[in-house]
Amino acid sequence: MNDETILLAHGSGGRLSHDLIEKNFLPPLDNPFLARLDDSAVFDVSGRIAFTTDSYVVSPIFFPGGDIGKLAVCGTVNDLSMSGAAPLYLSLSFIVEEGLTLGELKKVLSSIKAAAEEAGVKIVTGDTKVVNRSSADKLFINTSGIGVIPEGVDISGANARVGDKIILSGTIGDHGIAVMSQREGLKFSVPVKSDCAPLNKLVSQMLEASRRIHCLRDPTRGGLATTLNEFARQSKVGIRIEEEKIPVRDGVRAACELLGFDPLYVANEGKLVAIVAPGDAPKILAKMKRNKYGAEAAVIGEVTSEHKGRVILKTNLGASRIVDMLSGELLPRIC
Amino acid sequence: MKFIDEFRDVELAKNVIGRIKQISTRPTRLMEFCGGHTVSIMRSGLRQLLPPTVEMLSGPGCPVCVTANADIDKAIALAGLPDVIITTFGDMMKVPGSYSSLQRARAEEADVRIVYSTQDALQIARDNPTKSVIFIGIGFETTAPTIAASILEAESKGIKNYYVLCLSKLCPPIMKALLDLGELKLDGIVCPGHVSVIIGSRPYQFIPRDYGVACVISGFEPLDILLSVEMLVAQIETGKPKVEIAYRRGVNPQGNKTALVLMDTIFEIGSADWRGMGVVPASGLKIRKKFERFDAEKAFSITTEPVREAKGCICGDILRGVKIPLDCKLFRKACTPEHPVGPCMVSSEGSCAAYYQYGSEE
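Everything numeric here is computed off the predicted structure, so don't read it as measured data.

A few points about the overall build of chain B
Next, step 1: Secondary structure summary: chain B contains 16 helices and eleven strands in total.
Next, step 2: Compactness check: chain B gives a C-alpha radius of gyration of 21 Å against a globular reference of 21 Å for 362 residues, within 12% of the reference.
Next, step 3: Its C-alpha atoms give chain B principal-axis dimensions of about 65 × 45 × 40 Å.
Next, step 4: Going through the 362 residues of chain B one by one, you find that 57% of them count as buried.
Next, step 5: Considering only intrachain contacts with a sequence separation of at least 6, the fraction spanning at least 24 residues in chain B is 76%.
Next, step 6: In the form shown here, chain B has an accessible surface area of approximately 15,200 Å², with 54% of it arising from carbon and sulfur atoms.

Have a look at this one:
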């Protein structure tokens, strides 16, 4: 049965569509909002709302440490979390290339279920379309999400202030290298798994420790270097980081050496960068270290009044150099 | 990480820098030949750590950068032929030729694919027997053996739809050409590491002998380069230039015999067109007559428009070490990695890209 493939008719809106949804989508994602099968999910929320959307086109759809389903939930949960919001509800929209096996689809759905449960969010509405072979690549997923921002939280890339500390939640480059290692024509074996993870609980714990978190962002495509450049430009400040403080796994370093990449530009899917008031950095860091997704968190640098709009790295050898934004594409379709 | 951390050890590096400062008494002008060296130097910020007496110029050792517009135009023309698949290293995609780039040709429906080795290109040829698969064979002595091996494999396996646009170039002859120009007054050369793995140290002997210029073959880690600089400065200070190998873990004086035999089987020495230098006799490799059916230039007939150089671009001067990227009016303005005017801004080993990406604080 799992060898059964998805056909164009599964997206027709007819009997096969209903079968597919009732047998395969509803059971794992079970919740009262979805079960009504109405055209929209209807619910009450109060407070300031954060709303975000993202499409996931990663290739291959299964990779060490995750798959497109986990990514689609974590990515949107994290986008909400980075504005300080507590994520509540997600939409889930599938574009399936005919020929995907039911087994693959079920595997993705079970990852979605697991990730949503871990994050404590509900999938409240969804859609499935099936397109002709080669009109998509196996499976594309779009998720949108809404969350509520607690009182007193004001997080934006434009909020960094001179003297603020920069905290990184853990090792960089794991996701990009894990996906890359699976690419056709480039398969290599590295003991590296994607770091794909929902960070909403980590963020809420950080906010418990202090409300003086000024900027938060998950350094996905473009990596840490690009995120820091965005902060420097949006906040019109300089950023200074130290190479030796930035944790990189050996497997990621080795793969980067081999492929000529700089880990600073390689994507992450379960990491965050926080710019925080200097006085509160120690307690925020302490709180982060108690969460498994922040166990290797470290202060990697600070915000300066010099070289506004630029990121400067102090190299291991003690020299300084510019860290620019990623230009061009490092790896296509990693998320 | 083993085999990496040893060569980035901060204490060791400080020691070597200290020794260089101690022995360096007069202005010394060195050229790092390789783009790979330039990137490593910029990325670790080495220039700032050397004493002011030691000047480091970047050389022409970036295979993408030295590829002449005329040759890029040929590759693009080949891409426009029917039933052709162009296979190339990724860095070549964005390099602007006289009128277009492979990237643009791809957007205009040419089938251009990025490969990581000639083996990938051969596989594409096997998978597409009705198409002609052409590998854009740029590079120095480092990549030439793999290109030779792919031709030999195509021959022995009967792969009839595989071709190479052979643009291979040789390092020692271009060093000679640079020294003959006499623009730079070099005291020493940080010689290429990977090229020397193949050719050994002997082909550089003429440099100290005929030009009095010191040569040290260097690896690519910051400590490799620092050690090479120390050895060069020591040679120069004692007035006894010679060829030394600092990259002992990779290079022996004889080079790699198997690779050299392979190259000699497939290629003969011919002239090559270098950006910034023009056509230099005996500085490139051509496919021998016996294997000419794999030679894309012989197998396909293409016409190209007259070659044009981009206005204001000084890549040629930069490749000769006469100017640095900061001297270019286009640098960071009209010429950026997103919109490169010249190849030195495109290639990951290009000087302009390295200056753009890593710059220094100032």
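There is more to say, and it comes next.
Topic: the interface of chain B and chain A
Next, step 1: Listed as interface residues are 27 residues of chain B and, on the opposing side, 29 residues of chain A.
Next, step 2: Counting every contact that joins chain B to chain A gives zero salt bridges.
Next, step 3: Residues of the side of chain B that touches chain A, tallied by class, amount to twelve nonpolar, six polar and nine charged.

Quick word on the nonpolar core
Next, step 1: Of all hydrophobic cores here, the largest spans 103 residues; its most connected members are Ile134(B), Tyr162(B), Tyr204(B) and Phe267(B).
Next, step 2: A total of six residues in this core trace back to one element, the largest contributor, which is helix 9 (residues 171-181) of chain B.
Next, step 3: In this view, Phe267(B) contacts Ala144(B), Ile147(B), Ala148(B), Cys166(B), Leu285(B), Lys286(B), Ile287(B) and Arg288(B); residues no more than four positions away in its chain are not counted.
Next, step 4: Residues Leu26(A), Ile61(A), Phe63(A) and Ala119(A) belong to the second largest nonpolar core, which totals 36 residues.

Regarding the packing of aromatic side chains
Next, step 1: Going through the model one piece at a time under the given rule, you end up with eleven aromatic pairs over all chains.
Next, step 2: Here the aromatic rings of Phe33(A) and Tyr89(A) are separated by 5.2 Å at their centres, their planes lie at 65°, and the arrangement is edge-to-face. Here Phe33(A) is found in helix 2 (residues 32-35), whereas its partner Tyr89(A) is found in strand 4 (residues 86-97), with 56 residues between them in sequence.
Next, step 3: Here Phe220(B) and Tyr247(B) contribute two aromatic rings whose centre-to-centre distance is 6.4 Å and whose plane-to-plane angle is 85°, an arrangement assigned as edge-to-face. In this pair, Phe220(B) sits in the loop between strand 8 (214-217) and helix 12 (222-238) while Tyr247(B) sits in the loop between strand 9 (243-245) and helix 13 (257-266), placing the two residues 27 residues apart along the sequence.
Next, step 4: Judged by relative accessible area, Phe220(B) falls into the buried class, the value being 18%.
Next, step 5: Taken together, the ring pairs connect Phe33(A), Phe43(A) and Tyr89(A) into an aromatic cluster.
Next, step 6: Taking the ring centre of Phe62(A) as reference, the NZ or CZ of Lys107(A) above it sits at 4.2 Å.

Digging into the sheet that holds strand 6 (residues 139-149) of chain A
Residues and elements named next belong to chain A.
Next, step 1: As summarised here, the arrangement of the four strands in space is 1-6-4-5, forming an open sheet in which the pairing is mixed. The open sheet terminates on both sides in strands that have one partner only, identified here as strand 1 (48-56) and strand 5 (122-131). Taking each pair of neighbouring strands and ignoring which way they run, the sheet shows an average axis angle of 10°.
Next, step 2: Direction of pairing for strand 4 relative to strand 6: antiparallel, over a ladder of ten bridges. Bridge pairing in strand 6 places tyrosine 89 opposite isoleucine 146.

Considerations on the state of the cysteines
All names here are of chain B.
Next, step 1: According to the stated counting rule, one finds one disulfide over all chains in the structure shown.
Next, step 2: Two residues, cysteine 62 and cysteine 65, share a disulfide whose sulfurs are 2.4 Å apart. Handedness of the cysteine 62-cysteine 65 disulfide follows from its S-S torsion of about 70°: it is right-handed. In this structure, cysteine 62 and cysteine 65 share a single accessibility class: buried.
Next, step 3: With no disulfide of its own, cysteine 34 lies closest to cysteine 171 among cysteine sulfurs, the gap being 6.7 Å.

Topic: the packing of helix 2 (residues 35-44) of chain B against helix 16 (residues 351-358) of chain B
Residues and elements named next belong to chain B.
Next, step 1: Close contact between helix 2 and helix 16 brings their axes to 9 Å; oriented N to C, the two are set at 10°. Classified by the interaxial angle, the pair formed by helix 2 and helix 16 is roughly parallel. Considering how the two elements wind past one another, helix 2 and helix 16 form a crossing that is right-handed. Contacts between helix 2 and helix 16 involve Thr38, Val39, Met42 and Arg43 from the first element and Ser351, Ala354, Tyr355 and Tyr358 from the second.

Remarks on the side chain of Ser24(B)
All names here are of chain B.
Next, step 1: Structurally, serine 24 is set in the loop between helix 1 (10-23) and strand 1 (28-34).
Next, step 2: In terms of polar contacts, serine 24 uses its side chain to reach the side chain of threonine 53, at 2.7 Å.
Next, step 3: Once residues within four sequence positions are removed from consideration, serine 24 is found in contact with Pro51, Thr53, Val54, Val233 and Glu237.

Focus: the domain arrangement of chain A
All names here are of chain A.
Next, step 1: Assigned domains within chain A: domain 1 (8-149) and domain 2 (165-323).
Next, step 2: Computed over C-alpha atoms only, the centres of domain 1 and domain 2 are separated by 27 Å.
Next, step 3: With 19 residues of domain 1 at the interface, the matching set in domain 2 holds 24 residues.
Next, step 4: Of the roughly 1,800 Å² buried at the junction of domain 1 and domain 2 (both faces included), carbon and sulfur atoms supply 61%.
Next, step 5: Looking at the side of domain 1 facing domain 2, the largest losses of area belong to Pro64, Met82 and Glu118, adding up to 34% of the total buried there.
Next, step 6: The tally of links from domain 1 across to domain 2 stands at zero salt bridges.
Next, step 7: Seen at the junction of domain 1 and domain 2, the total is eight residue pairs in polar contact (both at pLDDT 80 or more).
Next, step 8: Taken together, the elements giving at least two residues each to the side of domain 1 that touches domain 2 come down to helix 3 (68-81) and helix 4 (102-119).
Next, step 9: Looking at which element gives the most residues to the side of domain 1 that touches domain 2, the answer is helix 3, with seven residues.
Next, step 10: When grouped by side-chain class, the residues that make up the side of domain 1 that touches domain 2 number ten nonpolar, six polar and three charged.

Details of the pairing of strand 2 (residues 54-61) of chain B
All names here are of chain B.
Next, step 1: Extensive coverage of strand 2 is indicated by the burial of seven of its eight residues.
Next, step 2: Where strand 1 meets strand 2, six bridges bridge the pair, whose relative direction is parallel. By the bridge assignment, threonine 28 is partnered in strand 2 with valine 54.

Remarks on a nonpolar patch on the surface
Next, step 1: A cluster of nonpolar side chains, contributed by Val45(A), Ile49(A) and Phe51(A), occupies part of the molecular surface with about 300 Å² of accessible area.
Next, step 2: The residue Phe51(A) is located in strand 1 in this model.

A look at the domain arrangement of chain B
Residues and elements named next belong to chain B.
Next, step 1: Each assigned domain of chain B is listed here: domain 1 (5-58 + 171-245), domain 2 (65-170 + 256-299) and domain 3 (315-358).
Next, step 2: Counting from both sides, the interface comprises twelve residues of domain 1 and, opposite them, 15 residues of domain 2.
Next, step 3: At the junction of domain 1 and domain 2, the tally comes to three residue pairs in polar contact (both at pLDDT 80 or more).
Next, step 4: Elements supplying a minimum of two residues to the side of domain 1 that touches domain 2: helix 9 and helix 10 (193-199).
Next, step 5: Considering each element in turn, the side of domain 1 that touches domain 2 owes the most residues, seven residues, to helix 9.

Focus on the environment of Leu105(A)
Next, step 1: Tracing the backbone through its elements, the reader meets Leu105(A) in helix 4.
Next, step 2: Residues Leu105(A) and Glu296(A) lie 191 residues apart in sequence; the distance between their C-alpha atoms is 34 Å.

What counts, and at which threshold
- Residues numbered from 1 in each chain as written.
- Chains lettered and ligands numbered in written order.
- Predicted model: local features only at pLDDT ≥ 70, side-chain atom pairs only at ≥ 80, totals over all residues.
- Heavy atoms only, no water.
- Helix = DSSP H or I, 4+ residues; strand = E, 2+ residues; numbered from the N terminus.
- Rg over C-alpha atoms; globule rule 2.2 N^0.38 Å.
- Buried < 20%, exposed > 50% of the residue type's maximum accessible area, 1.4 Å probe, protein only.
- Contact = heavy atoms within 4.5 Å.
- Areas by Shrake-Rupley, 256 points an atom, 1.4 Å probe, with all protein chains shown as cover.
- Salt bridge = Lys/Arg side-chain N within 4 Å of Asp/Glu carboxyl O.
- Nonpolar A, V, L, I, M, F, W, Y, C, P; charged D, E, K, R; others polar.
- Core = buried A, V, L, I, M, F, W, Y, C linked by side-chain atoms within 4.5 Å.
- Phe/Tyr/Trp six-rings, centres within 6.5 Å; stacked < 30°, edge-to-face > 60°.
- Lys NZ or Arg CZ within 6 Å of the ring centre and 35° of its normal.
- Pairing = 2+ DSSP bridges.
- Axes fitted to C-alpha atoms, helices over the stretch in contact; angles between N-to-C directions.
- Disulfide = S-S within 2.5 Å.
- Parallel < 35°, antiparallel > 145°, perpendicular 65-115°, else oblique.
- Left-handed = near helix turned anticlockwise from the far one by under 90°.
- Polar contact = N/O pair within 3.5 Å; in protein donor to acceptor, adjacent residues only side chain to side chain.
- Domains from an automatic or database assignment.
- Buried area = accessible area lost by both parts, 1.4 Å probe.
- Patch = residues over 30% accessible without salt bridge, like charges linked within 9 Å, V, L, I, M, F, W, Y side chains within 5 Å.

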